[in-house]
Amino acid sequence: LAEDIAVEGQKFATIHDAAGMGIGYAFGYFDGILGLGFDSISVGGVETVFHNAIDQGLVEKPMFAFYLGDNADGELTFGGYDEDKFVGDLEWVPLSDETYWRIDLDEIKMGDFVVGKTDAIVDSGTS
């Protein structure tokens, strides 16, 4: 996962032509994609690399955090989060489904547009 987090025995696969995965993959440039989802949606039920890092005691806490940069370099932290990257308190929200990072929402408001009770996927959008 990182220079100081070496996961052992991880199953790994490669894709040489991602064009069949959709237009974003056909025209995008990727060095690689590291899925941070759940084992329940991994191909063949393979334990994810982060799951294995947790099981092998390689991270302090079973969490990761993104800092998306705000016009500067971004950062991905494994095993916790950097309190210098935000102001205020974190609001922990339970997942409604451990497949994608799905949460329940009471309401969404954008100007005069309002949607009642629904759900959403929390996604870093980094690919």
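Placed above this text is the structure.
Residues numbered from 1 in each chain as written. Predicted model: local features only at pLDDT ≥ 70, side-chain atom pairs only at ≥ 80, totals over all residues. Heavy atoms only, no water.

Asker: Give a description of the pairing of strand S4 (residues 101–105) that names residues and reports values.
Answerer: Taken together, the two bridges between strand S3 (residues 97–98) and S4 define a ladder with antiparallel strand orientation. The partner of Asp97 across the bridge, within S4, is Arg102. Hairpin geometry of S3 and S4 is characterised by an intervening segment of two residues between the two adjacent antiparallel strands. Sheet topology note: the S4/strand S7 (residues 118–121) ladder contains four bridges and is antiparallel. Bridge pairing in S7 places Arg102 opposite Ile121. (Pairing = 2+ DSSP bridges. Helix = DSSP H or I, 4+ residues; strand = E, 2+ residues; numbered from the N terminus.)

Asker: Can you explain the packing of aromatic side chains? Please cite residues and give values.
Answerer: Enumeration according to the criterion identifies seven aromatic pairs in this entry. Ring plane angle 90° and centroid distance 6.0 Å describe the contact between Phe64 and Phe66, whose orientation is recorded as edge-to-face. Joined through ring pairs, the aromatic side chains of Phe38, Phe50, Phe64, Phe66, Phe78 and Trp101 make up one cluster. Above the plane of the ring of Tyr67 lies Lys85, whose end atom (NZ or CZ) is 5.0 Å from the centre. (Phe/Tyr/Trp six-rings, centres within 6.5 Å; stacked < 30°, edge-to-face > 60°. Lys NZ or Arg CZ within 6 Å of the ring centre and 35° of its normal.)

Asker: So what about the sheet that holds S7? Which residues, and what values?
Answerer: Spatially, the three strands line up as an open sheet ordered S3-S4-S7, and their pairing is antiparallel. Looking along the sheet, the strands with just one partner apiece sit at the ends: S3 and S7.

Asker: Explain the nonpolar core to me, and be specific about the residues and the numbers.
Answerer: Nonpolar side chains tend toward joint burial in soluble globular proteins. Formed by Ile5, Val7, Leu36, Val49, Phe50, Ala53, Val59 and Phe78, the largest nonpolar core amounts to eight residues. For this core, the element with the most residues is helix H2 (residues 49–55), which contributes three residues. (Core = buried A, V, L, I, M, F, W, Y, C linked by side-chain atoms within 4.5 Å. Buried < 20%, exposed > 50% of the residue type's maximum accessible area, 1.4 Å probe, protein only.)

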